[in-house]
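In case you want the letters, here they are:
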Amino acid sequence: LATSTVSYPMRGHNEEVTSRPLITDANDPRLADYMNLRDRDIAQRHESERILIAEGPEVVRRLISSGLTIRSIVLAPNRLDVMEQALASVTCPVYFAERDVVSQTAGYSLHRGVLASAVRPPTMSLDDVWARPPLNGRAHLFAVLEGLNDHENLGAIARTARAFGVDALILDPRCADPFYRRCVRVSMGEILFLPIVRTDIASVIASVRDHKGTTVALTPRPSAVRLDAIDDHDGPLALVFGSEGFGLPESTLAQVDVCARIDIESDVDSLNVGHAVAAAFALRRHRSSRHRE
C-alpha cells in the first residue's frame, strides 16, 4: 500500500495529534467504495449492495448526525479543520488523501475534499410510514413522485420535503435511485432523514383513501383547480408529481381525488418539477396556517 504519514495540528492546541496515514495510491483497496463513481455499473452495484456515497463537508456532517452506519470517511488534509468537531463522534475508519488522488479514484474532480460511504437506510413500506406519528401532530403529509428519473431534481425535492415537514417521500418503481451520490449531495444530506417508500401509484392512492385522506395530482392543465383554492382538511394529504418532461399519465390523473395546478402567469408554460414541489408545499403550509387561525 502506498502510504506516508503526516501530522495535523489540533485546533486550539499547540501540540500535534498522532500522525495519520496519508493514502497516495488511487487504487488503494481502502478506497474501494469510491472507485469509478461516475461508472453506471458502479452506481448499480452500490444500489444492490446498499452503499451510499456522501460528498462535501456539509453533507458528510449530516450523514454523521443521521445515525446511519458509516463505512469510511476520506478527507483531503486541509479539510480536517472543518470536519474536526464532527469526526469526534465517529468510530469508522478515517483516511487522508490529497484531492488529486481521490479524484483519480472517483473518476471526477473532487472539489469539496470530503467523501464518505455508508450503509443505506432500510427500505420502508406504506404501513411503516402510517405507523409513524405525523410531523405536524395532526395528519400525514406525503410527497408522491411518479416517473421522476433526474437525480438532481429528486435531491432538490427531498430537501424541500424536509423543509416543509413532509412525512415521507413515496417513489414509484420508475423513479431514480434516491441514494445515488448526486441526489444525496443536492439534498444537502436531508434525504438521509426522510422516510422513503417505493411502491406503485395505485397502491398509494388506495392506502391514502383507506386512511380517509386525499390525493392531489399536480398538473399545469388549465382545467385543473387552483391548488390554493382547495379547502384544507384534517385528514392525510398526498401531493402527486410527475416527471419533468411528461408530467403525470392519464391513468394517474383519472385515479386521484383532485387535479390541481399552481397559479402562475399565463405566458409561462410550467415550472421545473423541483420548483413546483416547493411552491405546492409552501402554498399548502400557508393555507393550513390560515385555516388554523
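Note that the structure is a prediction, hence the values are computed from the model and not measured.

## Remarks on the layout of surface pockets
Here is step 1: Taken as a whole, the largest pocket holds about 620 Å³ of empty space.
Here is step 2: For the largest pocket, the lining is made up of 28 residues, of which Thr219, Pro220, Asp269, Ser270 and Leu271 are closest to its centre.
Here is step 3: Secondary structure elements with two or more residues in the lining of the largest pocket: strand S13 (258-261) and helix H10 (273-292).
Here is step 4: Partitioned by chemical class, the residues of the lining of the largest pocket number 14 nonpolar, 8 polar and 6 charged.

## Some remarks on empty space enclosed by the protein
Here is step 1: With the rule as written, the count across this model stands at 2 cavities of 30 Å³ or more.
Here is step 2: Lining the largest cavity are Leu37, Ile42, Ala43, His46, Ile51, Leu52, Ile53, Arg120, Asp177, Phe179, Tyr180 and Arg181.
Here is step 3: Breaking the lining of the largest cavity down by element, the ones donating at least two residues are helix H1 (40-49) and strand S3 (51-55).
Here is step 4: Computed from the structure, the second largest cavity encloses a volume of approximately 40 Å³.
Here is step 5: If you go around the second largest cavity, the residues you meet are Thr214, Val216, Leu227, Ile230, His233, Leu237, Leu239 and Arg284.
Here is step 6: Every element with two or more residues in the lining of the second largest cavity is listed here: strand S10 (214-218) and strand S12 (237-241).
Here is step 7: Considering only residue class, the lining of the second largest cavity consists of 5 nonpolar, 2 polar and 1 charged.

## Observations concerning the sheet that holds S10
Two orientations exist for strands paired in a sheet by backbone hydrogen bonds: parallel and antiparallel.
Here is step 1: Spatially, 7 strands are ordered S9-S8-S7-S12-S10-S13-S11 in an open sheet, and the strand pairing comes out parallel. Sheet topology places strand S9 (196-198) and strand S11 (225-226) at the edges, where each strand pairs with a single neighbour.
Here is step 2: Bridge analysis of S10 against S12 gives 4 bridges, and the strand direction is parallel. Considered in S12, the bridge of Thr215 is made with Ala238.
Here is step 3: Contacting strand S7 (141-145) and strand S8 (168-171), helix H6 (residues 151-163) runs over the sheet at an angle of about 150 degrees to S8.
Here is step 4: Lying on the sheet, helix H8 (residues 201-210) is in contact with S7, S8, S10 and S12; it crosses S7 at an angle near 160 degrees.

Calculation criteria
- Residues numbered from 1 in each chain as written.
- Predicted model: local features only at pLDDT ≥ 70, side-chain atom pairs only at ≥ 80, totals over all residues.
- Heavy atoms only, no water.
- 1 Å grid on protein atoms, 1.4 Å probe; cavity = no way out; pocket = protein on both sides within 12 Å on 5 of 7 lines; lining within 4 Å.
- Points joined across faces, edges and corners; volume = space filled by probe spheres on them.
- Helix = DSSP H or I, 4+ residues; strand = E, 2+ residues; numbered from the N terminus.
- Nonpolar A, V, L, I, M, F, W, Y, C, P; charged D, E, K, R; others polar.
- Pairing = 2+ DSSP bridges.
- Contact = heavy atoms within 4.5 Å.
- Axes fitted to C-alpha atoms, helices over the stretch in contact; angles between N-to-C directions.

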